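Fold and geometry: a report
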Amino acid sequence: MNNAPIGVFDSGVGGLTCVKELAKLLPHEDIVYLGDTARVPYGTRSKETIAGYTEQDMAFLRGHNVKMILVACGTASSIIMSNSSFSENSEPVFSGVVKPAAHAACAATKSGRIGVIATSATIKSGSYGKVIRSINPSAKVIGKACPMFVPLVENGYVAPDCAPTRYFAEEYLECMKREKVDTLILGCTHYPHLSEIISDIMGSEVKLISSSAELARFAVKTLTFNDELAEREENGRIKLYCTDSVELFSENVERFLGEGFESTIEKCSLT
Ligand code: DGL
């Protein structure tokens, strides 16, 4: 048993898709979330800059004595994988989205044709392809960067009939349809907010894998295996931090976390 909170971070509101799933699966856990809203997006920046931001995000969560860190950001997760300063043996244990999502995609695909949509930095890193091919060497992985999705989500353009988002989605997903993928990884944690539009374009026979939901499931397995689940009668507290305006962030929290999840929001500084 361990009643310390679970730490989760992202550049903005993307990681809330992980928080939502986690709070559903483990309602008694306290969660501390950091959205680095002053510096979003991460996905168009250099490896060095993203690694520096990621170090600060993790240090902030360590300062809250979390028992586990969930890197609910595909971009930060990809950079961590190729950077030796993020040691897998560090305390507390941390996990990114890439491995859990790649495993889920390999289990789901029948044709071995797997699509990955993510930020430019994630696609450039080739992170998902590397893990997928280590599990299934004959898999064909088709990657596509979708740089407009993060600003669209951060600004609330997520309704299924939203014309600008649909326009970009049609454009980005054209290659996935042409390549006949049967499984598509939403490799950036902002993208599950667009899953209705994406599924509509891809068709219901294409399985969508949410990287954030897979990370939440991985956390449940790990905490259960390590006997570190919280033990308390009441629901856990969800404490959200952002690095820019609380007012702007609360609008998104209301939109994306939705009803049924009580949370408090505070502004923090990482530098
Ligand atoms: N949600 C993020 C990801 O999963 C970050 C996107 C960004 O900040 O560009 O990649």
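In this report, we go over the structure that sits alongside the text. (Residues numbered from 1 in each chain as written. Predicted model: local features only at pLDDT ≥ 70, side-chain atom pairs only at ≥ 80, totals over all residues. Heavy atoms only, no water.)

**Quick look at the packing of aromatic side chains**
Summed over the entire model, instances satisfying the criterion amount to 6 aromatic pairs. An angle of 50° between the planes, with centres 5.1 Å apart, marks the rings of Y42 and Y53 as tilted. One end of the pair, Y42, is in the loop between β2 (31-35) and α2 (47-62); the other, Y53, is in helix α2, and 11 residues separate them in sequence. The class for Y42 is buried, based on a relative accessible area of 1%. Centre to centre, the rings of F149 and Y191 are 5.1 Å apart; their planes meet at 90°, and the pair counts as edge-to-face. Taken as a pair, F149 in helix α7 (residues 149-154) and Y191 in the loop between β7 (183-186) and α9 (195-202) lie far apart in primary sequence, 42 residues in all. Of the two residues examined, F149 and Y191, each falls in the buried class. In this structure an aromatic cluster arises from ring pairing among F149, Y167, F168, Y172 and Y191. It is R39 that lies over the ring of Y53; its NZ or CZ is 3.8 Å from the centre. Taking the ring centre of F256 as reference, the NZ or CZ of R255 above it sits at 5.9 Å. (Phe/Tyr/Trp six-rings, centres within 6.5 Å; stacked < 30°, edge-to-face > 60°. Helix = DSSP H or I, 4+ residues; strand = E, 2+ residues; numbered from the N terminus. Buried < 20%, exposed > 50% of the residue type's maximum accessible area, 1.4 Å probe, protein only. Lys NZ or Arg CZ within 6 Å of the ring centre and 35° of its normal.)

**What to know about the site of the ligand**
Taken together, 14 residues lie around the ligand, and S11, Y42, G74, T75 and H190 are the ones closest in. Residue G74 places a main-chain N or O atom 2.5 Å away from an oxygen atom belonging to the ligand. For the ligand, whose free accessible area comes to 300 Å², the fraction covered by protein is 99%. Mapping the ligand onto the cavity grids shows that it belongs to the largest cavity. (Near = heavy atom within 4 Å. Polar contact = N/O pair within 3.5 Å; in protein donor to acceptor, adjacent residues only side chain to side chain. Areas by Shrake-Rupley, 256 points an atom, 1.4 Å probe, with all protein chains shown as cover. 1 Å grid on protein atoms, 1.4 Å probe; cavity = no way out; pocket = protein on both sides within 12 Å on 5 of 7 lines; lining within 4 Å. Sits in = over half its atoms within 2 Å of the grid points.)

**Some remarks on the sheet that holds strand β5 (residues 113-118)**
Spatially, the 4 strands line up as an open sheet ordered β6-β5-β7-β8, and their pairing is parallel. At either end of the open sheet lies a strand with only one pairing partner, and these are β6 (140-145) and β8 (207-210). With direction set aside, neighbouring strand axes in the sheet form an average angle of 20°. Relative to β7, β5 is paired through 4 bridges, and the arrangement is parallel. Residue G115 lies in a different strand from β7, and its bridge partner there is L184. Across the sheet, helix α8 (residues 163-178) touches β5, β6 and β7, and the angle it forms with β6 is around 170°. Sheet strands in contact with α9 are β5, β7 and β8, and its direction is about 160° off that of β7. (Pairing = 2+ DSSP bridges. Axes fitted to C-alpha atoms, helices over the stretch in contact; angles between N-to-C directions. Contact = heavy atoms within 4.5 Å.)

**Topic: unusual backbone geometry**
Here V40 and P41 are connected by a cis peptide whose omega angle stands at 5°. Here P41 shows up in the loop between β2 and α2. Note the cis peptide between E91 and P92, where omega equals -10°. The phi angle at N65 is positive, at roughly 50°, despite the residue not being glycine. Considering the arrangement of structural elements, one finds N65 in the loop between α2 and β3 (68-71). Residue classification places N65 among the exposed residues on the basis of a relative accessible area of 58%. One non-glycine residue, D227, lies in positive phi territory at about 55°. Relative to the helices and strands, D227 is located in the loop between α10 (211-225) and β9 (238-242).

**Digging into the side chain of E21**
Looking at the secondary structure, you find E21 in helix α1 (residues 16-25). E21 sits in the buried class, given a relative accessible area of 16%. The residues contacting E21, other than those within four sequence positions of it, are A213, A216 and R217.

**Section: α10**
Helix length check: α10, at 15 residues, gives a terminal C-alpha distance of 21 Å against a target of 21 Å (1.5 Å per residue), a fit within 8%. When α10 is considered as a whole, its buried residues turn out to be S211, S212, A213, E214, L215, A216, A219, T222 and L223. One or two residues past the end of α10 sits D227, with phi positive at roughly 55°. (Expected span 1.5 Å × (residues − 1).)

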